Amino acid sequence: MREFVKRILEIYRPFRKPMLMVFVFIILDQIFILLGPYIQGKIVDKIFSKAPIMDVFFLALLSLALFFINTIVSGFFRERFELENIDFDIPKFISIKVTMAKIFSFSIGQHCNQNSGVKQSIIDKGENSLTNLTNMVLYNALPMLVSLVFTVIVLLYMSTVLGLVTLIGSVCFLVISFYLNYSMKDELKKFQDAGHDSNKVHSEIFRNICMVQINAQEKGVTEKLDQKIGEFGDLGKKVWKKYVFWACLRSIIIGITRFLVLVISVIYVYKDIHTAGQLVMFIAWSSSAFGRIGQIGNLHRKGTEMYIAVKKFFSLLDIEPEIKEINNPVKIKKPKGEIIFDNVSFKYPIRKSLEDDDKKEQTEVSSESEQETLSNVSLTIKSGQKVAFVGPSGAGKTTVANLILRAYDPTNGKILIDGSDLRVVELESYRESIGVVEQDVSLFDDTLRYNIVFGLEGKDINITEAELGDIAHASCVDKFFHRLENGFDTVIGERGVKLSGGERQRVGIARALAKNPKVLIFDEATSSLDTENETVIRKSIEKASKGRTTIIIAHRLSTIKNADKIFVMENGKIVGEGTHRELLTNCVVYQNLVNSQI
Ligand code: ATP
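Residues numbered from 1 in each chain as written. Predicted model: local features only at pLDDT ≥ 70, side-chain atom pairs only at ≥ 80, totals over all residues. Heavy atoms only, no water.

Concerning the overall build of the chain
Right, on to step 1. Counting secondary structure elements, the chain contains 22 helices and 12 strands.
Right, on to step 2. By the compact-globule yardstick of 25 Å for 598 residues, the chain is too spread out, its C-alpha radius of gyration being 34 Å.
Right, on to step 3. Across its three principal axes, the chain shows a C-alpha extent of roughly 120 × 50 × 50 Å.
Right, on to step 4. Evaluated residue by residue, the chain yields a buried proportion of 44% over its 598 residues.
Right, on to step 5. A sequence separation of at least 24 residues applies to 79% of the contacts in the chain between residues at least 6 apart.
Right, on to step 6. Element-wise, carbon and sulfur atoms account for 58% of the exposed surface of the chain, whose accessible area totals about 31,000 Å².
Right, on to step 7. In the chain, 74 side chains carry a positive charge and 69 a negative one; their mean positions are 3 Å apart. (Helix = DSSP H or I, 4+ residues; strand = E, 2+ residues; numbered from the N terminus. Rg over C-alpha atoms; globule rule 2.2 N^0.38 Å. Buried < 20%, exposed > 50% of the residue type's maximum accessible area, 1.4 Å probe, protein only. Contact = heavy atoms within 4.5 Å. Areas by Shrake-Rupley, 256 points an atom, 1.4 Å probe, with all protein chains shown as cover. Lys, Arg positive; Asp, Glu negative; His and termini not counted. Charge placed at Lys NZ, Arg CZ, Asp CG, Glu CD.)

Put into structure tokens, the structure is as follows:
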């Protein structure tokens, strides 16, 4: 818990000044709140002692003046510190400086293995809870505590017995709250995990909604979601039922304490130890303090949920990035595009899933898969060469591409880019020199232009219309361009839904080309296309590959027949390399592949 609080304070460190000012305001506010009953008590005493009516009016006016001063002071603090520095800046800071900074430090491989629905759910709940925690602590818990402490001090000062009764009542209340928190932490964690689980199912349905409808699985997935939400609800009911019971107990303690304060005050008045006015003060102060503390039941429930959500969020932030840049990495300024695999072996890491547990060590890599995905792969791709990787499914072709992108580091051996080990190369400049076209091109629900120049965003590179035209020509985007109502400014819909499969591929190629990369990787860029589209894409690959190192991963041999060199892979090994003609005579695996496609 101490570690948890330390971390939260660390996150809020940049906001400590405005928060301190808000705290000062809270103390001022509480003083004003205490002054109200004090003046009311004095008014009662004046009336009972038959003081001149003007004295009573004066106190009433003083009360009004204090109210105005408090309103103005609180308005100033709210505008100056809360609005200006806290309310909007903290969520922004958490989202950008805490979450995004961490998320982008994970390797591509790590992202592939984390369920995006669960990740999103942990981040959303964590960020919201961190923000709400500030509001709760600043605007509920702190005023409540300050009010309680002030009330106890004032009551102790005016009457030791009343002060002690209030103190004992408050301590019992807080002890019950902490005990409740402690005793229910496991059940609450299960409850939150069930929440992430149902969010995962929910987001998977939305991500694959068309596929669900195509397969007429609406009923099936709704039942699954119903079951998950049901499990979440059942756990919630169990947990909150206990809360309700303990909340009743706490309310009883408050009720008894308030009753005792009333009875003791009345006895004091009857015994002439205190005046009727002081009776009014005691009752008003204890009502105000205990009225606030009464809300703690609700705050406590929310606070506990937030605590678990933030802990889970922290466990995500604790995951170590698998790919780390060394200090002073080699910056590839003018890449030539020569790639060498030097005896590279690779096993995919096996990780526990995010929802498994929130212990730090269990969210990191737990082991490596038994079998090597790549075994002792050595190869050289010369600068400007057009090479292809072919082989049966699961042979390890995409893994080769992933390693070139440094989505993972090899388990053994090394990969050299222009003579430098990839582990010492600066990632940003390196990835800027690579263009990748995948089988499923990721597209934004934005304009065609935005999707093409996406790789240049924030790079201060302005692409002219003429250059965009050249890219469209090289990628064959110009072949369907005339059909778009607003040309490059046409919004292409979610995941490019307004485009055909072949058109999406061409946008992917255009995006890769816009970066003017030295290395171009096509990973199954033609496998989902019909023959006509494949011919178009093949032509655009031909055009795009000029002057660049080009790596093509393909099942269809027609796409790669005229590559300078073809690497044939099987079971993670290179089992043949050469031109199409050479391989036809000396590589059995290649011959089998050719035969299977006739
Ligand atoms: P295909 O032609 O079907 O795309 P491929 O030759 O490109 O296959 P890879 O995608 O490189 O093959 O996969 C090689 C092996 O590694 C496969 O057995 C696959 O199951 C495994 N694999 C791929 N990605 C992962 C991953 N993220 N975690 C664990 N294993 C993986």
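What about a nonpolar patch on the surface?
Right, on to step 1. Together, Leu-20, Val-24, Leu-28, Ile-31, Leu-35 and Tyr-38 give the surface a local cluster of nonpolar side chains, amounting to about 470 Å² of exposed area.
Right, on to step 2. Looking at the element boundaries, Tyr-38 is found in helix α2 (residues 16-48). (Patch = residues over 30% accessible without salt bridge, like charges linked within 9 Å, V, L, I, M, F, W, Y side chains within 5 Å. Salt bridge = Lys/Arg side-chain N within 4 Å of Asp/Glu carboxyl O.)

Observations concerning the domain arrangement of the chain
Right, on to step 1. According to the domain assignment, the chain contains domain 1 (2-317) and domain 2 (434-516).
Right, on to step 2. A C-alpha centroid distance of 50 Å is found between domain 1 and domain 2. (Domains from an automatic or database assignment.)

Considering helix α1 (residues 2-12)
Right, on to step 1. Of the positions making up α1, those classed as buried are Phe-4, Ile-8, Ile-11 and Tyr-12. When α1 is viewed along its axis, its buried side chains cluster within an angular range of 95° and face the same direction. Opposite the buried face of α1, at more than 90 degrees from it, the exposed residues are Arg-2, Glu-3, Lys-6 and Leu-9. (Arc of directions from axis to C-beta.)

With respect to the state of the cysteines
Right, on to step 1. Taken as a whole and assessed by the stated rule, the structure comprises 0 disulfides.
Right, on to step 2. Just so you know, Cys-248 is unpaired, no disulfide at all, and the nearest cysteine sulfur is the one on Cys-172, 17 Å from it. (Disulfide = S-S within 2.5 Å.)

Quick word on helix α22 (residues 588-596)
Right, on to step 1. Within α22 the residues assigned to the buried category are Val-589, Tyr-590, Leu-593 and Val-594. One side of α22 carries all its buried residues, which in axial view fall inside an arc of 140°. The exposed set on the far side of α22, more than 90 degrees from its buried face, consists of Val-588, Asn-595 and Ser-596.
Right, on to step 2. Looking at the packing, one finds that the buried side of α22 touches β5 (386-390), β11 (565-570), β12 (573-578) and α21 (580-586).

Examining the site of the ligand
Right, on to step 1. Neighbouring the ligand are 14 residues, the closest being Ser-393, Gly-394, Lys-397, Thr-398 and Thr-399.
Right, on to step 2. At a separation of 3.5 Å, a nitrogen atom of the ligand approaches a polar side-chain atom of Tyr-348.
Right, on to step 3. At 2.8 Å from an oxygen atom of the ligand is found a side-chain nitrogen or oxygen belonging to Thr-398.
Right, on to step 4. The greatest single-element share of the shell around the ligand, amounting to 3 residues, is contributed by helix α14 (residues 397-404).
Right, on to step 5. Within the shell around the ligand, the residues separate by chemical class into 4 nonpolar, 8 polar and 2 charged. (Near = heavy atom within 4 Å. Polar contact = N/O pair within 3.5 Å; in protein donor to acceptor, adjacent residues only side chain to side chain. Nonpolar A, V, L, I, M, F, W, Y, C, P; charged D, E, K, R; others polar.)

Digging into the confidence of the model for the chain
Right, on to step 1. Overall, the prediction assigns the chain a mean pLDDT of 84, with 94% of residues at 70 or greater.
Right, on to step 2. When mean pLDDT is compared element by element in the chain, strand β1 (residues 339-346) scores highest at 95, while helix α13 (residues 360-363) scores lowest at 41.
Right, on to step 3. This stretch, residues 358-364, has a pLDDT under 50; its non-local contacts, to residues over four places away or in other chains, come to 16 contacts. (pLDDT = per-residue confidence, 0-100.)

Regarding the pattern of salt bridges
Once their charged atoms are close, side chains differing in charge can pair, the charge on each being opposite to the other.
Right, on to step 1. Following the criterion strictly, the structure yields 13 salt bridges and no others.
Right, on to step 2. With its nearest N and O atoms 3.7 Å apart, the salt bridge here joins Arg-423 to Asp-421.
Right, on to step 3. What makes Arg-423 partly exposed here is its relative accessible area of 27%.
Right, on to step 4. Connected through shared salt-bridge partners, Arg-449, Glu-465 and Asp-489 make up one network.

Quick word on the nonpolar core
Right, on to step 1. Ranked by internal contacts, the top residues of the largest apolar core, which has 44 residues, are Ile-452, Ile-560 and Tyr-590.
Right, on to step 2. The dominant element in this core, judged by the number of residues it contributes, is helix α19 (residues 501-514), at 6 residues.
Right, on to step 3. With residues up to four places along the chain from it excluded, the contact list for Ile-560 reads Ala-388, Val-390, Ile-552, Ala-554, Ile-566 and Tyr-590.
Right, on to step 4. In terms of nonpolar packing, the next biggest core, distinct from the first, is built from 33 residues, Phe-77, Ile-90, Val-118 and Leu-130 among them. (Core = buried A, V, L, I, M, F, W, Y, C linked by side-chain atoms within 4.5 Å.)

Some thoughts on the side chain of Ser-74
Right, on to step 1. Position of Ser-74 among the secondary structure elements: in helix α3 (residues 53-87).
Right, on to step 2. At 3.3 Å, the side chain of Ser-74 forms a polar contact with the backbone oxygen of Thr-71.

Section: the packing of α2 against helix α11 (residues 276-293)
Right, on to step 1. Where α2 meets α11, the axes come as close as 7 Å, and the angle between the chain directions of the two elements is 155°. Judged by the inter-axis angle, α2 sits roughly antiparallel to α11. The element α2 and its partner α11 pack so that their crossing is right-handed. Of the residues in α11, those touching α2 at Gln-30, Ile-33, Leu-34, Pro-37, Tyr-38, Gln-40, Gly-41, Lys-42, Val-44, Asp-45 and Phe-48 are Ala-276, Gly-277, Gln-278, Val-280, Met-281, Ala-284, Trp-285, Ser-288 and Arg-292. (Axes fitted to C-alpha atoms, helices over the stretch in contact; angles between N-to-C directions. Parallel < 35°, antiparallel > 145°, perpendicular 65-115°, else oblique. Left-handed = near helix turned anticlockwise from the far one by under 90°.)

As for the sheet that holds β11
Right, on to step 1. Spatial strand order, β8-β9-β10-β5-β11-β12: 6 strands in an open sheet with mixed pairing. Each edge of the sheet is formed by a strand with only one pairing partner; in this case those strands are β8 (434-437) and β12. Across this sheet, the average inter-strand angle for adjacent strands is 15°, counted without regard to direction.
Right, on to step 2. Direction of pairing for β11 relative to β12: antiparallel, over a ladder of 5 bridges. The residue of β12 that forms the bridge with Met-569 is Ile-574.
Right, on to step 3. In the packing of α14 onto the sheet, contacts are made with β5, β8, β9 (519-523), β10 (549-553) and β11, and the angle to β10 comes to roughly 145°.
Right, on to step 4. Across the face of the sheet, α19 comes into contact with β8 and β9 while running at roughly 175° to β8. (Pairing = 2+ DSSP bridges.)

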